[in-house]
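The residues making up each chain are set out below.
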Amino acid sequence: MNNLIHKVINAEPYPFAFDPNTSALIIIDMQRDFLEEGGFGAMLGNDVSLLRSAIEPCRAVLDAARACNMLIIHTREGHRPDLSDCPQSKKERGNLSVGIGDVGPLGSRILIRGEAAHDIIPELYPIDGEPIIDKPGKGAFYQTDLALILQNNHIKTLFVCGVTTEVCVHTTVREANDRGYEALVIADATGSYFPEFQRVALDMIKAQGGIFGWVANSDAVIKALA
Ligand code: C5J
């Protein structure tokens, strides 16, 4: 049996205590479709450069988590090639001439599993032993085996980063909160296409005594993991 290790991060709204042996890093949807020109995010009219500032902090936290053998989980938002798991409402939303399942400017089908644009950016590519959760929704728990993987690894605490802060990061943290996990969102390792949403989304996590969880920057997390 593992000895209990007690570490503390200087976080908001108050210090965050955790044991690396029962903690996991979840990197949400750092996919080419959201972070590269020509992907789904750009096609919706967004400036992808606003998300790319999260890459380096994510990579630094990923390195630190790998160094202390923490469970690392990557997620990807996307659908089966026949779109049978994609709600009609999601397909139609946005009223785009090219949408989910169509071939986009990156030369691959948008948000479709197995396509190049759906995959994780090279800077953060998973290594062997790091589970990838393919999720059809915004939340990483919805219709996936994430809960089972966390349960089997005795995980209690989640470090969450990735994109976008107010959509898939937020939905996942809310789902985790309702399931009894303690979650810390790594602020500079998340990103939004909307600077005001980035600020408010992080404020919402830590408001009311940490209604959804905690917020800290990557340097504080890395220091605690070292
Ligand atoms: C969005 C996501 N924004 N990963 N997906 O559609 O946040």
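Calculation criteria
Residues numbered from 1 in each chain as written. Predicted model: local features only at pLDDT ≥ 70, side-chain atom pairs only at ≥ 80, totals over all residues. Heavy atoms only, no water. Helix = DSSP H or I, 4+ residues; strand = E, 2+ residues; numbered from the N terminus. Rg over C-alpha atoms; globule rule 2.2 N^0.38 Å. Buried < 20%, exposed > 50% of the residue type's maximum accessible area, 1.4 Å probe, protein only. Areas by Shrake-Rupley, 256 points an atom, 1.4 Å probe, with all protein chains shown as cover. Lys, Arg positive; Asp, Glu negative; His and termini not counted. Charge placed at Lys NZ, Arg CZ, Asp CG, Glu CD. Core = buried A, V, L, I, M, F, W, Y, C linked by side-chain atoms within 4.5 Å. 1 Å grid on protein atoms, 1.4 Å probe; cavity = no way out; pocket = protein on both sides within 12 Å on 5 of 7 lines; lining within 4 Å. Points joined across faces, edges and corners; volume = space filled by probe spheres on them. Nonpolar A, V, L, I, M, F, W, Y, C, P; charged D, E, K, R; others polar. Axes fitted to C-alpha atoms, helices over the stretch in contact; angles between N-to-C directions. Parallel < 35°, antiparallel > 145°, perpendicular 65-115°, else oblique. Contact = heavy atoms within 4.5 Å. Near = heavy atom within 4 Å. Polar contact = N/O pair within 3.5 Å; in protein donor to acceptor, adjacent residues only side chain to side chain. Sits in = over half its atoms within 2 Å of the grid points. Salt bridge = Lys/Arg side-chain N within 4 Å of Asp/Glu carboxyl O.

Peer 1: Explain the overall build of the protein chain here, please?
Peer 2: Check the secondary structure of the protein chain and you find nine helices and eight strands. Relative to its length of 226 residues, the protein chain is compact, with a C-alpha radius of gyration of 17 Å against a globular reference of 17 Å. Summarising its shape, the C-alpha atoms of the protein chain cover approximately 55 × 35 × 30 Å along the three principal directions. In the protein chain, which comprises 226 residues, the proportion classed as buried is 53%. Carbon and sulfur atoms make up 51% of the accessible area of the protein chain, which totals about 10,400 Å². On the protein chain, the mean spot of the 20 positive side-chain charges and the mean spot of the 29 negative ones are 3 Å from each other.

Peer 1: Can you help me understand the nonpolar core in this one?
Peer 2: The nonpolar side chains of soluble globular proteins are, as a tendency, buried together. The biggest cluster of nonpolar side chains holds 44 residues, and the ones touching the most others in it are Ile 9, Leu 25, Met 30, Phe 159, Leu 184 and Ile 186. A total of six residues in this core trace back to one element, the largest contributor, which is helix α4 (residues 55–67). In terms of nonpolar packing, the next biggest core, distinct from the first, is built from 26 residues, Ile 149, Val 185, Ile 205 and Phe 212 among them.

Peer 1: How should the layout of surface pockets be read in this particular structure?
Peer 2: Rolling a probe over the atoms, with the probe sized like a water molecule, indicates the empty space that remains. Quantified by volume, the largest pocket comes out at close to 470 Å³. Of all the elements in the fold, those that place two or more residues in the lining of the largest pocket are α2 (40–43), α5 (88–92) and α7 (165–178). With four residues, the top contributor of residues to the lining of the largest pocket is α5. By residue class, the composition of the lining of the largest pocket is 10 nonpolar, seven polar and eight charged.

Peer 1: Sorry if this is basic, but what is going on with the packing of α4 against helix α9 (residues 218–225) here?
Peer 2: If you want to describe how two helices pack, look at the angle between their axes and the distance between the axes. At a minimum axis distance of 9 Å, the contact between α4 and α9 shows a crossing angle of 10 degrees. It follows that α4 is roughly parallel to α9 by the angle criterion. Residues Pro 57, Ala 60, Val 61, Ala 64 and Ala 65 of α4 form the contact with α9, whose participating residues are Ser 218, Val 221, Ile 222 and Leu 225.

Peer 1: Honestly, the site of the ligand in this entry has me stumped. Any pointers?
Peer 2: Every residue near the ligand is listed here: Asp 29, Phe 34, Glu 77, Lys 138, Val 163, Thr 164, Val 167 and Cys 168. Residue Lys 138 places a side-chain N or O atom 3.0 Å away from an oxygen atom belonging to the ligand. Backbone polar atom of Thr 164 to an oxygen atom of the ligand: 2.9 Å apart, as the coordinates give it. Look at the ligand: alone it shows 230 Å² of surface, and the protein chains cover 91% of it. Its atoms largely coinciding with the cavity grid, the ligand occupies the largest pocket.

Peer 1: How should I be thinking about the environment of Ile 55 in this particular structure?
Peer 2: Here Ile 55 lies in helix α4. Along the primary structure Ile 55 and Leu 35 are separated by 20 residues, whereas in three dimensions their C-alpha atoms are 9.2 Å apart. Setting aside residues up to four positions removed in sequence, Ile 55 forms contacts with Met 30, Leu 35, Ile 121, Glu 123 and Leu 124.

Peer 1: How should the pattern of salt bridges be read in this particular structure?
Peer 2: Pairing is possible between side chains of opposite charge, provided their charged atoms come close. Scanning the entire structure with this criterion turns up 14 salt bridges. With its nearest N and O atoms 2.8 Å apart, the salt bridge here joins Lys 135 to Asp 29. A residue pair is termed long-range when its members are at least 10 positions apart, and Lys 135 in strand β5 (residues 132–135) and Asp 29 in the loop between β3 (23–28) and α1 (32–35) qualify at 106 residues. Each of the two residues, Lys 135 as well as Asp 29, counts as buried. Between Glu 56 and Arg 59 there is a salt bridge whose closest N-O contact spans 2.6 Å. Here the residue Glu 56 and the residue Arg 59 both occupy positions in helix α4, the gap between them amounting to three residues, near one helical turn. What makes Glu 56 partly exposed here is its relative accessible area of 46%. Overlapping salt bridges, with partners in common, bring together Glu 12, Arg 199, Asp 203 and Lys 206 in one network.

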